[in-house]
Amino acid sequence: MEIERKFTVKTLPANLENYCSHLIEQAYLNTDPVIRIRRQDDEYYLTYKGKGLLAREEYNLPLNGPSYCHLLQKADGNIITKRRYLIPIRNPAFDENAALSDAEKSAPLTIELDIFDAPFAPLMIAEVEFSTQEAAMAFLPPDWLAEDVTYDPQYHNSNLSRRPV
């Protein structure tokens, strides 16, 4: 189960180049249900995602390079390329009224900051994954994140793949 919130980005964090990052290329074989192929650096995956915005099923299967290239020719729509930065949140903030366990409050979180290449540049989306829906809903994003777009399907990569460019 994938449980994540998505945000637009107000400003980039300082020293972005100091964070671990990955070059990602992905394409969609189907968008309902979502069947995606992805190259992340030198690794390849086939992913199935169920319905949902905050929480949904997700299954990743490994691929090899030749299989990825073969499937890429069958993809529909736009191929998405982006740089993903992994930004740890050392002391995540949560709504003080939320009924979260100490483990949920102290679990380390990572902001996955995606900076898209053309034709979607200058789009930047940040995602944060959680272990429970309660933790996701209680999360207070850092100031450099802007609007919560978790429930706006236009920010799903599968929908970007179908957007006219």
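Before reading on, note that the structure itself is shown above.
Residues numbered from 1 in each chain as written. Predicted model: local features only at pLDDT ≥ 70, side-chain atom pairs only at ≥ 80, totals over all residues. Heavy atoms only, no water.

Caption draft 1: Representation of helix α1 (residues 65–72) in the model. All of the buried residues along α1 are G65, Y68 and L71. The buried residues of α1 occupy one face: seen down the axis, they fall within an arc of 130°. Tucked inside the fold, the buried residues of α1 contact β2 (20–31), β3 (34–40), β4 (43–49) and β6 (58–63). (Buried < 20%, exposed > 50% of the residue type's maximum accessible area, 1.4 Å probe, protein only. Helix = DSSP H or I, 4+ residues; strand = E, 2+ residues; numbered from the N terminus. Arc of directions from axis to C-beta. Contact = heavy atoms within 4.5 Å.)

Caption draft 2: The arrangement of the pairing of β2 in detail. Where β2 and strand β7 (residues 76–89) come together, eight bridges link them in antiparallel fashion. When the sheet's bridge partners are listed, C20 is paired in β7 with L86. In this structure, the hairpin formed by β2 and β3 is closed by a connection of two residues. (Pairing = 2+ DSSP bridges.)

Caption draft 3: Summary view of the environment of A98. As for its placement among the helices and strands, A98 is situated in the loop between β8 (93–94) and α2 (102–106). Separated by eleven residues in sequence, A98 and I87 have C-alpha atoms that sit 24 Å apart.

Caption draft 4: Structural view of the pattern of salt bridges. This model, assessed by the stated rule, comprises eleven salt bridges. Here D148 and R5 are joined by a salt bridge, their closest N and O atoms 2.6 Å apart. Here D148 is found in strand β12 (residues 145–148), whereas its partner R5 is found in strand β1 (residues 2–9), with 143 residues between them in sequence. Through salt bridges with shared partners, one network takes in K6, K82, R84, E112, D114 and E127. (Salt bridge = Lys/Arg side-chain N within 4 Å of Asp/Glu carboxyl O.)

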